[in-house]
Amino acid sequence: KELVFTQIENLRSQMNPHFIFNALNSIQDYIILNEKKLARQYLVKFSRLIRTYLEHSQTNEVSLKEEIKALNLYLELEKERFDDDLFFKINVDKLLNLDTIYVPSLFIQPYVENALKHGLLHKKDNKKVELFFYKDQLQNVLVCEITDNGIGREASAKINSQRIKNHKS
């Protein structure tokens, strides 16, 4: 159990600096372009998400309902950062009770971020990511499936191999 929570803490620390840096850059771009209304709207969403992350970081588990709300807010921010060239959908099986199912806090978001960063960032247009939450009846476990129509692992690996070696993701 300790190992799992240590891994979750590691994932949290990997996600936060990268996402915060990108979000602040987006706000800066709106300010530079004198898009005050967009900067304000983005900042409000960003502050809501940061508050949610800070609240979630105080506990090891959150309800699936809270995790999905945080994922939705995160994807809304990323959609704006992608200049609205991102379609996302979160599909939840109606049989799931979102208030009584608990998941490790901030566990799913880094996987969604990887789909965006490695799968969709270098795609020209029509970027799509979908999340599916359902119960595997056979194994009696919650499944979160993330699909995207990105460039694929091979193309992403090729791009990443050409990047500066000192870059720390």
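Residues numbered from 1 in each chain as written. Predicted model: local features only at pLDDT ≥ 70, side-chain atom pairs only at ≥ 80, totals over all residues. Heavy atoms only, no water.

Draft legend 1. Spotlight on the nonpolar core. Counting residues in each nonpolar core, the largest one holds 33 residues, and the members touching the most others are Leu75, Val129 and Phe133. Of all elements in the fold, only helix 1 (2–32), helix 2 (36–56), helix 3 (64–81), strand 2 (86–92), helix 4 (109–120) and strand 4 (127–136) reach the threshold of two or more residues within this core. (Core = buried A, V, L, I, M, F, W, Y, C linked by side-chain atoms within 4.5 Å. Buried < 20%, exposed > 50% of the residue type's maximum accessible area, 1.4 Å probe, protein only. Helix = DSSP H or I, 4+ residues; strand = E, 2+ residues; numbered from the N terminus.)

Draft legend 2. Broad picture of the packing of helix 2 against helix 3. Running from amino to carboxyl end, helix 2 crosses helix 3 at an angle of 145°, the nearest separation of the two axes being 10 Å. Handedness of the helix 2/helix 3 crossing: left-handed. Across from Tyr42, Lys45, Phe46, Arg48, Leu49, Thr52, Tyr53 and His56 in helix 2, the residues of helix 3 making contact are Glu66, Glu67, Ala70, Leu73, Tyr74, Glu76, Leu77, Glu80 and Arg81. Its residues placed into classes, the contact of helix 2 with helix 3 shows 8 nonpolar, 2 polar and 7 charged. (Axes fitted to C-alpha atoms, helices over the stretch in contact; angles between N-to-C directions. Left-handed = near helix turned anticlockwise from the far one by under 90°. Contact = heavy atoms within 4.5 Å. Nonpolar A, V, L, I, M, F, W, Y, C, P; charged D, E, K, R; others polar.)

Draft legend 3. Structural view of the pairing of strand 4. Inspection of the sheet shows strand 2 paired to strand 4 by 7 bridges, in the parallel sense. Following the sheet pairing, Lys89 is matched in strand 4 by Glu130. Two strands pair when backbone bridges link them, and strand 4 and strand 5 (residues 141–148) are joined in this way by 8 bridges, in the antiparallel orientation. The residue of strand 5 that forms the bridge with Asp136 is Val141. (Pairing = 2+ DSSP bridges.)

Draft legend 4. Here's a closer look at the pattern of salt bridges. Within this structure, the stated rule accounts for 7 salt bridges. One salt bridge connects Glu76 with Lys45, and the closest N-O pair in it is separated by 3.7 Å. A residue pair is termed long-range when its members are at least 10 positions apart, and Glu76 in helix 3 and Lys45 in helix 2 qualify at 31 residues. Here Asp85 ties to Lys127 by a salt bridge, and the two come within 3.9 Å at their closest N and O atoms. One end of the pair, Asp85, is in the loop between helix 3 and strand 2; the other, Lys127, is in strand 4, and 42 residues separate them in sequence. Take Lys127: its relative accessible area is 8%, and that puts it in the buried class. Residues joined by salt bridges that share partners form a network here, namely Lys45, Glu76 and Glu80. (Salt bridge = Lys/Arg side-chain N within 4 Å of Asp/Glu carboxyl O.)

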